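Structural overview for review
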Amino acid sequence: MSGRPLSNGTAIAVLTMIFFTWGALTSLNDVLIPHLKAVFEMNYAQTMLIQFTFFSTYLLMSVPAGKVVAIAGYKRSIVIGLCVAGVGALTFFPAAKIPSYPLFLFALFVLASGITLLQVSANPYIALLGDAQTASSRLTLAQALNSAGHTLAPLLIGPLILSVAVIGSADLALMPEAQQTAYRVAQSESVQLPYLGIAAGLFVLALLVVLFRLPALTEATERADHQRHTFGEVLRHRHLRFGVVGIFVYVGAEVAIGSFLINYISDPRIGALDEATATRYVAWYWGLAMAGRFIGSFLLRRIEPRVLLGFFAIGAMALLATTMLSEGRTAVWSVVAIGLFNSIMFPTIFTLGIDGLGPLTSKASSLLVMAIVGGAVVPLLQGVLADRIGVQMAFVLPLVCYAFVAWYGFRGARRVHADAVAVPVAQP
């Protein structure tokens, strides 16, 4: 399509649709966890393979995704990412038809591969579309739409997936084998229609992106530099190294909390709610993150991002300590309210990590997105802890994660100016 490229503001508006979509897809894992746990009668550690598969994809696919961006550019990479995610969503249909837990995990892997490419291309792209001083604010605003997707998906799609009543393992064991099989098929097939709709939406969105001319920003890619840069060269930058760890522990903590919310709130000592009703609190968790990102986008223009990040991490730690030491409504709302403090963490850590890296930005972005694998490792470890010491006490693991984020904000994100690389700024 020929013509003048879109302005930065219009390009950002287009990209927010992408952020919304992958937010919705990611939050549906929190609904799949209790659903597939019931279908396949698994313990917490086995069920956390859902998050492990989804988020380990970031580790495996971030470097290939970075190469795709280097070859195809930002716009084409976004289109490819949407199409790959669409194929993954389509794979849920045969996985539910069989039903097969390994095929569900494969579908999640393909879906997450597409989202990985979107993360590697869209996050730095948004950050580079304008003044470097307001990059954190800009990416936080885009991430607010990501949180909107997280919020609406459990409310609109969650009840469809959890529409079939869950039968306890003891009652299920009393059924004839044929009836047990029919029950499992009915449970698993409830995901078919939602994910077919998601696949259609992803392909339509890819078509829409094709029709827009986004600014190229080739000056912030390796195409603009004749030198061959290595990941070792990128990792020499202290603020990037600690930023990678910061993304790992933050995403791990956020995903672990969201993954356990439904089972935690359903506990008779905590919320005593059925699982379908508990999905509303997952929506609140992500909804507060969305509200916090809109507020944070405003605050980040007035408060130094490092300082705000540190105080938000301390707030999350205080709420975790509260939920671990209480019961009932206090325990429920203190864990849900962590979403508010999660709000600015990912975009702020990300923009602090790539700050001043110029043509090294795409490799730095690959490393930071690779660190999202924390969403695979931390929930799995928390699942092992939960099987041994209970879900409530297992929240000690994300508490430690937030402690590192607080340190990164106050100390670890400081740049060594002698190693800084000039960042080219895109002009409207």
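Calculation criteria
Residues numbered from 1 in each chain as written. Predicted model: local features only at pLDDT ≥ 70, side-chain atom pairs only at ≥ 80, totals over all residues. Heavy atoms only, no water. Helix = DSSP H or I, 4+ residues; strand = E, 2+ residues; numbered from the N terminus. Buried < 20%, exposed > 50% of the residue type's maximum accessible area, 1.4 Å probe, protein only. Contact = heavy atoms within 4.5 Å. Areas by Shrake-Rupley, 256 points an atom, 1.4 Å probe, with all protein chains shown as cover. Patch = residues over 30% accessible without salt bridge, like charges linked within 9 Å, V, L, I, M, F, W, Y side chains within 5 Å. Salt bridge = Lys/Arg side-chain N within 4 Å of Asp/Glu carboxyl O. Phe/Tyr/Trp six-rings, centres within 6.5 Å; stacked < 30°, edge-to-face > 60°. Expected span 1.5 Å × (residues − 1).

Side note on the overall build of the chain
What the chain contains, in helices and strands, is 19 helices and zero strands. Counting the 428 residues in the chain, one finds 58% classified as buried. Counting only contacts in the chain whose residues sit at least 6 apart along the sequence, the fraction spanning at least 24 positions is 85%. Total accessible area on the chain stands at roughly 16400 Å², and carbon and sulfur atoms take up 67% of it.

Brief notes about helix α14 (residues 328-336)
The complete set of buried residues in α14 reads A331, V332, S334, V335 and V336. In this structure, the buried residues of α14 make contact with α11 (238-266), α12 (275-299), α13 (305-324) and α15 (338-342).

Some thoughts on a nonpolar patch on the surface
Where nonpolar side chains cluster on the molecular surface, the patch consists of V87, L90, F93, L196 and F203 and spans about 380 Å² of accessible area. Put simply, the parts of the chain that give the nonpolar patch at least two residues each are α3 (49-97) and α9 (192-210). At three residues, the largest contribution of residues to the nonpolar patch is made by α3. Here V87 shows up in helix α3.

What about the packing of aromatic side chains?
On inspection of all chains with the given rule, the structure shows 13 aromatic pairs. Ring centres of F54 and Y58 lie 6.4 Å apart, and the angle between their planes is 70°; this geometry places the pair in the edge-to-face category. With F54 and Y58 both in helix α3 and four residues apart, this pair spans about one turn of that helix. Take Y58: its relative accessible area is 1%, and that puts it in the buried class.

Focus on helix α18 (residues 374-389)
In this model, α18 (16 residues) spans 22 Å end to end at C-alpha, consistent with the 22 Å of a helix rising 1.5 Å per residue. Inspection of α18 places G374, G375, A376, V378, P379, Q382, G383 and A386 among the buried residues, and these make up the whole buried set. Close packing links the buried residues of α18 with α2 (44-47), α3, α11 and α19 (396-412). One or two steps after α18, the chain reaches G390, where phi turns positive at roughly 95°.

Topic: the side chain of H239
Following the sequence through the fold, H239 ends up in helix α11. Apart from the residues lying within four places of it in its own chain, the contact partners of H239 are L352, G353, D355, L357, Y408, G412, A413, R414 and R415.

Some remarks on the side chain of T53
Among the structural elements, T53 can be located in helix α3. According to the relative accessible area criterion, T53 is buried, its value standing at 13%. If near-sequence neighbours (up to four positions away) are discounted, T53 is found in contact with L105, L108 and F109.

In short, the description is geometric, and any link to function would need to be established separately.
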